[in-house]
Amino acid sequence: MVPGFVTAGLEIWAGKNCTKGQFRRRVWTAVTGAASFFTERECWKEHMMLDPFTGKDPEGIRIRPAEGFGAADYFLMNYWVWARLIENLAEVGYTPSNMVMLPYDWRLAFPILEERDGYFTNLKAKIETMHKTTGRKVLLATHSMGSLVVHHFFGWVTSGGNGGRKWVDKHIHSFVNIAPV
């Protein structure tokens, strides 16, 4: 599963003085992100902005995507996007061993997402592992901007990501877009 930007949580891994003691605190999604937006707006803005010349984090700041299902199940408290889908899939037998959520830093251009985080390499490896362990092709489910991420992934894996068209045919069963952009 690849979320959209609304639910792809971002957290502080390194920051300026205004974020001391907030390691892994959410700055996007979750109540902590909303609270810092309203109470510490300049600090929040400084950490959310990318360097206008490199398209990466500014000096001394590292914002990274949160990980796992908790990174994208809820936007804020009861505003769910993935939570009910995950719960319904669990009711029919899915577990973390046969489904995965892969959030990303939605602020980054796709080539920088791969350069900085190895996102597409990681997505390819997760798909290969899932295919190998389950013996089945993978269904990719995306929401909103996640559909663009996966479209870019398909271009990446078929052209320069050591896959090619045969890789897609071997590993991907289907691609489901939920409210694609």
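Our structure's up above, just so we're on the same page.
As the structure is a prediction and not an experimental result, all values here were calculated from the model.

(A) Structural view of the overall build of the chain. A tally of helices and strands in the chain yields 7 helices and 7 strands. Listing the helices and strands of the chain from first to last along the sequence gives β-β-α-α-β-β-β-α-α-α-β-α-α-β. For 181 residues, the compact-globule estimate of 2.2 N^0.38 gives 16 Å, and the C-alpha radius of gyration of the chain, at 17 Å, lies within 12% of that figure. The dimensions of the chain, computed from C-alpha atoms along their principal axes, are 50 × 40 × 25 Å. Among the 181 residues that make up the chain, the fraction classed as buried is 45%. A fraction of 67% describes how many contacts in the chain between residues 6 or more apart in sequence connect residues 24 or more apart. Of the roughly 9900 Å² of accessible surface on the chain, a fraction of 58% belongs to carbon and sulfur atoms.

(B) Highlighting the packing of helix 4 (residues 110-117) against helix 5 (residues 119-134). Between helix 4 and helix 5, the least distance of the axes is 6 Å, while the angle of their chain directions is 75 degrees. Taken together, the axes of helix 4 and helix 5 lie roughly perpendicular to each other. Listed contacts from helix 5 to Phe-110, Leu-113, Glu-114 and Asp-117 of helix 4 are Tyr-119, Phe-120 and Thr-121. Of the residues that constitute the contact of helix 4 with helix 5, the class distribution is 4 nonpolar, 1 polar and 2 charged.

(C) Examining the nonpolar core more closely. With 35 residues, the main nonpolar core has Tyr-104, Trp-106, Tyr-119, Phe-120, Ile-127 and Phe-153 as its most contacted residues. Contributions of two or more residues to this core are made by strand 1 (10-14), strand 2 (26-28), helix 2 (41-48), helix 4, helix 5, strand 6 (138-143), helix 6 (145-159) and helix 7 (165-171). Considering each element in turn, this core owes the most residues, 7 residues, to helix 6. Ranked by size, the runner-up nonpolar core spans 8 residues in total, among them Met-1, Val-81, Met-99 and Ala-141.

(D) Local environment of the sheet that holds strand 3 (residues 62-65). In spatial order, the strands read 2-1-3; together these 3 strands make up an open sheet with antiparallel pairing. Where the open sheet ends on each side, the last strands, each with one partner, are strand 2 and strand 3. For this sheet, the mean inter-axis angle between neighbouring strands, taken without regard to orientation, is 45 degrees. Across 2 bridges, the pairing between strand 1 and strand 2 is antiparallel. Looking at strand 2, one finds that Glu-11 is bridged to Arg-26. Strand contacts of helix 2: strand 1, strand 2 and strand 3, with the helix running at about 80 degrees to strand 2, the strand carrying the most contacts.

(E) Geometry of the side chain of Asp-105. You can see Asp-105 is positioned in the loop between helix 3 (83-91) and helix 4. Of note is the side chain of Asp-105, whose polar atom sits 3.1 Å from the side chain of Arg-116. Those residues in contact with Asp-105 that lie beyond four places of it in its chain are Leu-10, Ile-63, Pro-65, Leu-113, Arg-116 and Asp-117.

(F) Main features of the packing of aromatic side chains. According to the stated counting rule, one finds 13 aromatic pairs in the structure shown. Ring centres 5.8 Å apart and planes at 75 degrees place the aromatic pair Phe-153 and Trp-167 in the edge-to-face group. Taken together, the residues span a long stretch of sequence, with Phe-153 in helix 6 and Trp-167 in helix 7 at a distance of 14 residues. When the centroid spacing of 5.5 Å and the interplanar angle of 80 degrees are considered together, the rings of Phe-154 and Phe-175 count as edge-to-face. Here the residue Phe-154 occupies a position in helix 6, and Phe-175 occupies one in strand 7 (residues 172-178), the gap between them amounting to 21 residues. Joined through ring pairs, the aromatic side chains of Tyr-104, Phe-110, Tyr-119, Phe-120, Phe-153, Phe-154, Trp-156, Trp-167 and Phe-175 make up one cluster.

(G) Structural context of the environment of Gly-146. Considering the arrangement of structural elements, one finds Gly-146 in helix 6. Classification of Gly-146 by relative accessible area gives buried; the value is 0%. For the pair Gly-146 and Phe-120, spaced 26 residues apart in sequence, the C-alpha separation works out to 12 Å.

What counts and how
- Each chain carries its own residue numbering, running from 1 in the written order of its sequence.
- With the structure being a predicted model, the display of local features is reserved for residues of pLDDT at least 70 and the display and counting of side-chain atom pairs for 80 or more, all residues being used for whole-chain, interface and lining totals.
- The basis for every side-chain value is the complete set of non-hydrogen atoms in the structure, without hydrogens or water.
- Secondary structure elements are defined from DSSP: runs of H or I of at least 4 residues count as helices, runs of E of at least 2 residues count as strands, and each element is numbered from the N terminus.
- Radius of gyration here uses only the C-alpha atoms, and the compact-globule reference equals 2.2 Å multiplied by the residue count raised to the power 0.38.
- Working definition: with a 1.4 Å probe on protein chains only, accessible area under 20% of the residue-type maximum means buried, over 50% means exposed, and in between means partly exposed.
- Two residues form a contact once any of their heavy atoms are found within 4.5 Å.
- Working definition of accessibility: Shrake-Rupley area with a 1.4 Å probe, residue cover restricted to the visible protein chains.
- Each axis is a line fitted through C-alpha atoms, and for a helix only the stretch in contact is used; angles between axes span 0 to 180 degrees, taken between their N-to-C directions.
- Orientation is classified from the angle alone, with under 35 degrees giving roughly parallel, over 145 giving roughly antiparallel, 65 to 115 giving roughly perpendicular, and any other angle giving oblique.
- By the convention adopted, Pro, Cys, Tyr, Trp, Phe, Met, Ile, Leu, Val and Ala count as nonpolar, Lys, Arg, Asp and Glu as charged, and the other residues, Gly among them, as polar.
- Within this scheme, the nonpolar core is defined by two criteria: the residues are buried Ala, Val, Leu, Ile, Met, Phe, Trp, Tyr or Cys, and they are joined through side-chain atoms within 4.5 Å.
- Only strands that DSSP links by at least two bridges are regarded as paired with each other.
- Here a polar contact is recorded for every N or O atom pair within 3.5 Å, except that within protein the pair must consist of a potential hydrogen donor and a potential acceptor, and residues adjacent in sequence are included only if both atoms are side-chain atoms.
- Stacked, edge-to-face and tilted labels apply to pairs of Phe, Tyr and Trp rings (six-membered ring for Trp) whose centres lie within 6.5 Å, assigned for plane angles under 30 degrees, over 60, and everything in between, in that order.

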